[in-house]
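Here is how the chains run, residue by residue.
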Amino acid sequence: MLRKLDYGEADRIFTLLTKEHGKVGAIAKGVRKTSSRLAAPLELYGHVDVLLARGRNLDVIAQVERKPAGRGAGRACDRGPQPRGEPLRADRLGAEPAGRR
């Protein structure tokens, strides 16, 4: 999860970095509502498994599952704030948006 942008009253557009398809834009419908089940796992710079439905311009996020963190994740809070430069560099310089599959 590289970037998020509020769209309309209840939607949000996300930029995702994937292994297979590179940089992908996707919209989560109704994610800003308090009753949304998608809101909790869709955090910026999070590692998630996402089920996408193909849309015209943007894919639509249908399902999200947070991936477990790697080794030492329990000690991540002890180290203090983590640098956020790597995901930003990946968004600006890294993968180009993938073509339509």
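It should be emphasised that the depicted structure is a prediction, and the values quoted were computed from it without experimental measurement.

With that out of the way, let us pick up the overall build of the protein chain. Along its length, the protein chain carries one helix and five strands. Going from N to C terminus, the protein chain has its helices and strands arranged as β-β-β-β-β-α. Here the protein chain, with 101 residues, has 27% of them falling under the buried criterion. Counted over contacts in the protein chain with a minimum sequence separation of 6, partners at least 24 positions apart contribute 42%. Carbon and sulfur atoms provide 49% of the accessible area of the protein chain, an area that totals close to 7600 Å².

On to the sheet that holds strand β3 (residues 22–28). As summarised here, the arrangement of the five strands in space is β1-β2-β3-β5-β4, forming an open sheet in which the pairing is mixed. Both edges of this open sheet fall to β1 (3–7) and β4 (48–53), since each of them pairs with a single strand only. Across the sheet, the mean angle from the axis of one strand to that of its neighbour is 35°, orientation sign disregarded.

Direction of pairing for β1 relative to strand β2 (residues 11–18): antiparallel, over a ladder of five bridges. In the sheet register, Lys-4 faces β2, and the bridge partner there is Phe-14. Connecting β1 to the next strand, β2, in antiparallel fashion are three residues, including Gly-8 with a positive phi near 65°.

Applying the stated criterion across every chain yields a total of three salt bridges. A salt bridge links Glu-43 to Arg-66; its shortest N-O distance comes to 3.6 Å. With a gap of 23 residues between them, Glu-43 in the loop between β3 and β4 and Arg-66 in strand β5 (residues 59–66) connect regions that are remote in the sequence. Overall, Glu-43 belongs to the partly exposed group, its relative accessible area being 46%. Owing to a relative accessible area of 47%, Arg-66 belongs among the partly exposed residues under this scheme. What you see here is one network of salt bridges that share partners, running through Asp-6, Arg-12 and Arg-32.

Take unusual backbone geometry next. Even without being glycine, Tyr-45 reaches a positive phi, approximately 65°. Mapped onto the fold, Tyr-45 is located in the loop between β3 and β4.

Met-1, Phe-14, Leu-16, Ala-26, Ala-28, Val-31, Leu-38, Leu-42, Val-48, Ile-61 and Val-64 together form the largest nonpolar core, which totals eleven residues. Contributing elements (two or more residues each) for this core: β2, β3 and β5. Ignoring anything within four residues of it in the chain, the contact list for Leu-42 reads Met-1, Phe-14, Ala-28, Val-31, Ile-61 and Val-64.

On to the side chain of Asp-11. Position of Asp-11 relative to the elements: it lies in strand β2. For the buried Asp-11, no salt bridge is present, and the opposite-charge side chain at shortest range is Lys-29, 4.6 Å distant. Separated by 2.8 Å, the side chain of Asp-11 and the backbone nitrogen of Gly-30 make a polar contact. Here Asp-11 is in contact with Asp-6, Ile-27, Ala-28, Lys-29, Gly-30, Val-31 and Arg-32, once residues within four sequence places are set aside.

Conventions we followed
- Residues numbered from 1 in each chain as written.
- Predicted model: local features only at pLDDT ≥ 70, side-chain atom pairs only at ≥ 80, totals over all residues.
- Heavy atoms only, no water.
- Helix = DSSP H or I, 4+ residues; strand = E, 2+ residues; numbered from the N terminus.
- Buried < 20%, exposed > 50% of the residue type's maximum accessible area, 1.4 Å probe, protein only.
- Contact = heavy atoms within 4.5 Å.
- Areas by Shrake-Rupley, 256 points an atom, 1.4 Å probe, with all protein chains shown as cover.
- Pairing = 2+ DSSP bridges.
- Axes fitted to C-alpha atoms, helices over the stretch in contact; angles between N-to-C directions.
- Salt bridge = Lys/Arg side-chain N within 4 Å of Asp/Glu carboxyl O.
- Core = buried A, V, L, I, M, F, W, Y, C linked by side-chain atoms within 4.5 Å.
- Lys, Arg positive; Asp, Glu negative; His and termini not counted.
- Polar contact = N/O pair within 3.5 Å; in protein donor to acceptor, adjacent residues only side chain to side chain.

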